[in-house]
Amino acid sequence: MSEDRIIIVGAGIVGLACADFLAAESHNVCVIDPDHEGDKASYGNAAGIAVTECIPASSPGVFWKVPGWLLDPLGPLALRWSHAPALMPWFLRFSQVCRSEEMNRISAALADLNGRTYDDLLPMLERNGLSSELKRLGALTVYETDEAFKKDKWEWDLKRRHGIECQELSGPQARELEPALSKIVQRAVFTPQWSQVSEPRKLHNRMMKNLRDKGVQMLKGKAIAVQIQEASATVMLQGGGSVSGAMAVVAAGAWSKPLAASIGDRVLLESERGYNTTLPHPGIDVTREIIFAERKFVATPIDSGLRIGGAAEFGGLTSAPNMKRADALLDLARAYLPGLVEEAGVQWSGHRPATPDSLPVIGHSPRSRRLIYAFGHGHLGLTQSATTGRLVADIIANRDTSIDLAPFSIQRF
Ligand SMILES: Cc1cc2nc3c(=O)[nH]c(=O)nc-3n(C[C@H](O)[C@H](O)[C@H](O)COP(=O)(O)OP(=O)(O)OC[C@H]3O[C@@H](n4cnc5c(N)ncnc54)[C@H](O)[C@@H]3O)c2cc1C
């Protein structure tokens, strides 16, 4: 056993960010994953550094739309009915979040966390020679109707209260920013603080290579349990092996729940599967990420093409993807982006690690300071990865953290 080793379980962007901040402080780090180069959420996401997103998924308006969405076979929300009994405790907690005092508490915590993004992301990108991969172009949220825009007004007002800059635009003003948009767009909001990376997969692969070069050990293996001893932490691997060190960090995205359960920590965590299609030659120019407010999907120009995606499907981690959802999102995009060339589109789906309150789990286990959690980032794992890495490094060094971690504790479950 290497006595000072810090073991990170999971090589998604959150695990790698934790490794990066710890390696920068000369810790002895080992990252365990069954498939380091696997095609998980951190590879195929929409590339947005969505610092403006501080409203939980279970906002008051959303809850009453759920039944209608579930009845639409290719709508923005789907449930595999065989998974419904297992989902029930998660869903009950989700339904409680839209109470106004909960909403305010959660959005303040999200704004706190997102507010740190650039302080932590810029140094992480710089350390990895990736600074030029960040495009600070803002994002455009577009509306088909004035009515829908007015219904969302409370969200924009709440964001403004958290220091988010929101510029309201008419349809023609939106088309000045993004001429590819059709006349269907009546209203828009420009959020200049939003940014994006040029290609999530490139960010992930480059960080993995740099960490290896810096001596971080990348160990192939599937963790099945964590055990804590008085002076060490041990990660048990499928097939019989184990890895021990001074501390363990669970950062296995949507797969983290059984690892927390293995030492008796309960968490409500579900896979919220998303879908997208990347069009390598889209035939139109889109400059920045566009969010289609009513239809709940996004289009982001990245190095490999125009990525059009969204959807939230609750079906557990083992159900097969339904790629018709990716097709349905392309169908929606046609009305907004005329002239879209769909040839050679590459479809993808991945599991967002979703908590019912939209807050990630960051902090140590109540059972031992040798076990730290860093998972459950839902729609914002790329955005919050660097700050999570910074916070984990601060916890391990026993430093004061830049934000209050109480809202992110696993004890809330
Ligand atoms: C369609 C879509 C669009 C998105 N768009 C955005 C966006 O624009 N901006 C944004 O900020 N976020 C976005 N997200 C969310 C973001 O991608 C995720 O929150 C983030 O990638 C989660 O990172 P992670 O490292 O926690 O998990 P993952 O990327 O899922 O990585 C988890 C890792 O743990 C490993 N693992 C699993 N089980 C074990 C085990 N037992 N032992 C060891 N290792 C294990 C897996 O192999 C994997 O490598 C999007 C997600 C989706 C699906």
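Everything numeric here is computed off the predicted structure, so don't read it as measured data. Chains are numbered independently. Their residues run from 1 in the order of the written sequence. Since the coordinates come from a predicted model, pLDDT governs what is reported: local features require at least 70, and pairs of side-chain atoms require 80 or more to be given and counted, while whole-chain, interface and lining totals use all residues. No hydrogens and no water enter the side-chain calculation; it runs on all heavy atoms of the structure.

Contacts to the ligand come from 33 residues, most closely from Asp33, Ser42, Gly48, Gly378 and Thr383. Polar contacts here mean pairs of N or O atoms no more than 3.5 Å apart (in protein, one a potential hydrogen donor and the other a potential acceptor; neighbouring residues in sequence count only if both atoms are side-chain atoms). For the ligand, an oxygen atom lies 3.2 Å from a polar atom in the backbone of Ile13. Between an oxygen atom of the ligand and a side-chain N or O atom of Asn45, the distance comes to 3.2 Å. Going through the elements one at a time, α1 (13-24), β2 (29-33), α2 (41-44), β19 (346-354) and α13 (381-396) are the ones with two or more residues in the shell around the ligand. Domain ranges listed in this record stem from an automatic or a database domain assignment. Viewed by domain, the shell around the ligand spans two of them, domain 1 (6-43 + 201-268 + 358-412) and domain 2 (53-99 + 135-195 + 270-354), each represented by three or more residues. For this description, a residue counts as near a given molecule or strand if any of its non-hydrogen atoms is within 4 Å of it. Secondary structure elements follow DSSP: runs of H or I of four or more residues count as helices, runs of E of two or more count as strands, with numbering from the N terminus.

Spatially, β3-β9-β5 is the arrangement adopted by the 3 strands of the open sheet, whose pairing is antiparallel. Lying at the two open borders of the sheet, with one neighbouring strand each, are β3 (48-49) and β5 (134-135). One ladder, built from 2 bridges, connects β5 with strand β9 (residues 195-197); its direction is antiparallel. Residue Leu134 lies in a different strand from β9, and its bridge partner there is Val197. Paired strands, in this sense, are two strands between which DSSP finds at least two bridges.

UniProt positions are given in the numbering used here, feature names are shortened, and annotations may be inferred rather than shown by experiment. Summarizing the sequence annotation, UniProt attributes the feature "domain: FAD dependent oxidoreductase" (unreviewed entry) to residues 5-394 in the numbering used throughout. Between the first and last C-alpha atoms of residues 5-394 the distance is 16 Å; the span itself is 35% helix and 28% strand.

What follows concerns the nonpolar core. What is meant by a nonpolar core is a set of buried Ala, Val, Leu, Ile, Met, Phe, Trp, Tyr and Cys residues, joined one to another through side-chain atoms within 4.5 Å. Burial here depends on accessible area, computed with a 1.4 Å probe over protein chains only, as a share of the maximum for the residue type. Under 20% is buried, over 50% is exposed, and the range in between is partly exposed. In this structure, Ile8, Val31, Ile49, Val249, Ile396 and Phe408 are the most contacted members of the largest nonpolar core, which totals 56 residues. Inspection of this core shows a minimum of three residues originating in each of domain 1 (6-43 + 201-268 + 358-412) and domain 2 (53-99 + 135-195 + 270-354). The contact rule is simple, with two residues in contact once any of their heavy atoms fall within 4.5 Å. Apart from residues lying up to four places away in sequence, Val31 is in contact with Ile8, Gly10, Ala11, Ala19, His36, Val216, Gln217, Met218 and Leu219. Val66, Leu77, Ala252 and Ile410 belong to the second largest nonpolar core, which has 39 residues in total.

It is worth spelling out the pattern of salt bridges at this point. The rule for a salt bridge is simple: a side-chain nitrogen of Lys or Arg has to be within 4 Å of a carboxyl oxygen of Asp or Glu. Across all of its chains, the model carries 36 salt bridges by this definition. Between Glu313 and Arg325 there is a salt bridge; the shortest N-O distance is 3.1 Å. Here Glu313, found in strand β18 (residues 305-314), pairs with Arg325, found in helix α12 (residues 324-336); they are 12 residues apart in sequence, far enough to count as distant. Glu313 sits in the buried class, given a relative accessible area of 2%. The exposure class of Arg325 is buried, given its relative accessible area of 7%. With a shortest N-O distance of 2.6 Å, Arg334 and Glu342 are connected by a salt bridge. Overall, the relative accessible area of 27% leaves Glu342 in the partly exposed class. The structure contains a network of salt bridges with shared partners spanning Asp146, Lys150, Lys153, Asp157, Arg160, Glu168 and Arg187.

As a further point, take the sheet that holds β2. Spatially, 6 strands are ordered β10-β2-β1-β14-β21-β20 in an open sheet, and the strand pairing comes out mixed. Since the sheet does not close on itself, it has two edges, and those belong to β10 (217-220) and β20 (361-365), each with one partner. Direction aside, the axes of adjacent strands within the sheet are offset by 20° on average. Both strand β1 (residues 6-9) and strand β14 (residues 247-250) contribute to a ladder of 4 bridges, which runs parallel. Along β14, the bridge assignment pairs Ile7 with Ala248. Axis geometry follows a simple rule: fit a line to the C-alpha atoms, using only the stretch in contact for helices, then measure angles between N-to-C directions, giving values from 0 to 180 degrees. Each of β1, β14, β20 and β21 (368-375) is contacted by α13, which is oriented at about 175° to β21, the strand it contacts most.

Before going further, it helps to examine unusual backbone geometry. With glycine set apart, most residues show a phi of negative sign, and most peptide bonds adopt trans. The backbone of Ala344 shows a phi angle near 65°, a positive value even though the residue is not glycine. By the secondary structure assignment, Ala344 is in the loop between α12 and β19. Overall, Ala344 belongs to the exposed group, its relative accessible area being 55%. A positive phi is found at Ser358, a non-glycine position, where the angle reads about 65°. Its location among the elements puts Ser358 in the loop between β19 and β20.

One fewer than the residue count of a helix, multiplied by 1.5 Å, yields its expected span. Taking 1.5 Å as the rise per residue, α1 with 12 residues should run 16 Å; its terminal C-alpha atoms sit 16 Å apart, in good agreement. Counting buried positions along α1 yields 11 of 12 residues, so the element is predominantly enclosed. Phi for Ser26, located one or two positions after α1, is positive at around 65°.

All right, on to the packing of aromatic side chains then. Under the pairing criterion, centres of Phe, Tyr and Trp rings, with the six-membered ring standing for Trp, must be within 6.5 Å; the plane angle then separates stacked pairs below 30 degrees from edge-to-face pairs above 60, leaving the rest tilted. Under the defined criterion, the tally for this structure stands at 8 aromatic pairs. Centroid distance Trp90 to Phe94: 5.3 Å. Interplanar angle 15°. Geometry classified as stacked. Placement of the pair is Trp90 and Phe94 together in helix α4 (residues 84-96), with a separation of 4 residues, close to one helical turn. The exposure class of Trp90 is buried, given its relative accessible area of 4%. Residue Phe94 is classed as buried on the basis of its relative accessible area of 8%. Each ring, one from Phe91 and one from Phe94, has its centre 6.0 Å from the other, and the planes form 25°; the classification is stacked. Taken together, the positions of Phe91 and Phe94, both in helix α4 and 3 residues apart, correspond to about one turn of that helix. Through successive ring pairs, a cluster of aromatic residues spans Trp90, Phe91, Phe94 and Phe314. Put simply, a charge is over a ring when the Lys NZ or the Arg CZ is close to the ring centre, within 6 Å, and near the line of the ring normal, within 35 degrees. Taking the ring centre of Trp255 as reference, the NZ or CZ of Lys40 above it sits at 5.7 Å. Across from the ring centre of Phe21, 4.6 Å away, lies the NZ or CZ of Arg127, which sits over that ring.

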